Amino acid sequence: MSAARTVDSRWAMTIDVRPLMAGDKTAWQQLYAGYHAFYQRPDLPQSFFDIAFGRLLSGDDRDFRGLVAQTDGTLLGLVHYVFHPHLWQREGVCYLQDLFTDPAARGRGVGRALINAVYDAADQAGVPGVYWMTQEFNYAGRTLYDRVGTRTPFIKYSRPSKIPIDKPIYIEGFIFF
C-alpha cells in the first residue's frame, strides 16, 4: 500500500497515511497505549506492545496490518486491520480493529483519513466489505463513523469468561483476552 495524502483545508494541515514501519515503534506505542487507556485497559506490559508491533510488521497476509497518519513526521493516529474469510462474501471481508487519533489532533480529519486508507486497501485487495465495532460511549468516534459508514443492526455477544478479561493471558507468544 502506498502512502495517501489528505489536505484538511480547515486546519491547513496535510495528513500523510502510510504503512507502519519499524522506526515508528516509540510513537506508535504512545498512540496505542492511549487507545487502550481510552478503552479502560491501561498499564499493559511492554511485552504486549512488543508482540503486537511485531505482528503488525510481520508481513503475514493472514495477520493484522498497520497504518499511521502523520504530519511533518509526527504520528497523529493509527489504524490496524485484517482481511479474513467470510461465508457470505466470497471475496472475504476486512475488519478494522483499532483506530486512534492523538487527542490533540482530533477533529482535523485524521480518523477519516485512516478509515479511507483502509477502504482503499480493501479495494486494492478486491475486498468490498469493511466493518468495525466501537464502544457505545465513544460518542465522538461514532459521530465520524455515522458519516463514513453505515451502522448495522447487529449486536455483539461474547462468550463469558472465567478469567478476568481485564488481564491478558500470555501463552507461548500469543495474547488472549
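Conventions adopted
- Residues numbered from 1 in each chain as written.
- Predicted model: local features only at pLDDT ≥ 70, side-chain atom pairs only at ≥ 80, totals over all residues.
- Heavy atoms only, no water.
- Axes fitted to C-alpha atoms, helices over the stretch in contact; angles between N-to-C directions.
- Helix = DSSP H or I, 4+ residues; strand = E, 2+ residues; numbered from the N terminus.
- Parallel < 35°, antiparallel > 145°, perpendicular 65-115°, else oblique.
- Left-handed = near helix turned anticlockwise from the far one by under 90°.
- Contact = heavy atoms within 4.5 Å.
- Nonpolar A, V, L, I, M, F, W, Y, C, P; charged D, E, K, R; others polar.
- Salt bridge = Lys/Arg side-chain N within 4 Å of Asp/Glu carboxyl O.
- Buried < 20%, exposed > 50% of the residue type's maximum accessible area, 1.4 Å probe, protein only.
- Expected span 1.5 Å × (residues − 1).
- Arc of directions from axis to C-beta.
- Phe/Tyr/Trp six-rings, centres within 6.5 Å; stacked < 30°, edge-to-face > 60°.
- Lys NZ or Arg CZ within 6 Å of the ring centre and 35° of its normal.

K.L.:
When you look at the packing of helix H1 (residues 25-38) against helix H2 (residues 46-56) in this model, what are you seeing that I'm missing?
P.N.:
A packed helix pair is summarised by two numbers, namely the angle formed by the two axes and the spacing between the axes. As a packed pair, H1 and H2 sit with axes 11 Å apart at the nearest point and diverge in direction by 115°. As the angle between them shows, H1 and H2 are arranged roughly perpendicular. Where H1 crosses over H2, the two elements pack in a sense that is right-handed. Of H2, the residues touching H1 (which contributes Lys25, Trp28, Gln29, Tyr32, Ala33 and His36) are Gln46, Phe48, Phe49, Asp50, Ala52, Phe53 and Leu56. Per-class residue counts for the contact of H1 with H2 are eight nonpolar, three polar and two charged.

K.L.:
Teacher, can you tell me more about the pattern of salt bridges here?
P.N.:
If charged atoms from side chains of opposite charge come close, those side chains can pair. Overall, the coordinates contain five salt bridges when judged by the stated rule. Across the pair Lys25 and Asp50 runs a salt bridge, and its minimum N-O distance is 2.4 Å. Placement of the pair is Lys25 in helix H1 and Asp50 in helix H2, with a sequence separation of 25 residues. Here Lys25 falls in the partly exposed class, since its relative accessible area comes to 24%. The salt bridge partner of Arg55 is Asp63, with a shortest N-O separation of 2.7 Å.

K.L.:
Help me understand H1 in this model?
P.N.:
Quick reminder: α-helices carry 3.6 residues per turn. Residues three or four places apart thus point the same way. With 14 residues, H1 extends 20 Å between its outermost C-alpha atoms, agreeing within 8% with the 20 Å of an ideal straight helix rising 1.5 Å per residue. Among all positions of H1, only Trp28, Gln29, Leu31, Tyr32, Tyr35 and His36 are buried. Projected down its long axis, H1 shows its buried positions confined to an angular sector of 165°, all on one face. For H1, the exposed residues set more than 90 degrees away from the buried face come down to Thr26 and Gln30. Of the surrounding secondary structure, the elements contacted by the buried residues of H1 are H2, strand S4 (74-84) and strand S5 (93-101).

K.L.:
Sorry if this is basic, but what is going on with the packing of aromatic side chains here?
P.N.:
Each aromatic ring pair is summarised here by two numbers: the centre-to-centre distance and the angle between the ring planes. Taken as a whole and assessed by the stated rule, the structure comprises 16 aromatic pairs. Judged by centre distance (6.0 Å) and plane angle (15°), the rings of Tyr32 and Phe48 are stacked. With a gap of 16 residues between them, Tyr32 in helix H1 and Phe48 in helix H2 connect regions that are remote in the sequence. Residue Tyr32 is classed as buried on the basis of its relative accessible area, which comes to 5%. Since its relative accessible area comes to 4%, Phe48 is described here as buried. With a centroid separation of 6.4 Å and an interplanar angle of 45°, the aromatic rings of Tyr119 and Trp132 are classed as tilted. Of this pair, Tyr119 sits in helix H3 (residues 110-124) while Trp132 sits in the loop between strand S6 (129-131) and helix H4 (139-148), placing them 13 residues apart in sequence. For Trp132, a relative accessible area of 18% translates into the label buried. Ring pairs connect the aromatic residues Trp28, Tyr32, Tyr35, Phe38, Tyr39, Phe48, Phe49, Phe53, Phe100 and Phe137, which therefore count as one cluster. Against the face of Phe48 rests Arg41, its NZ or CZ located 5.9 Å from the ring centre.

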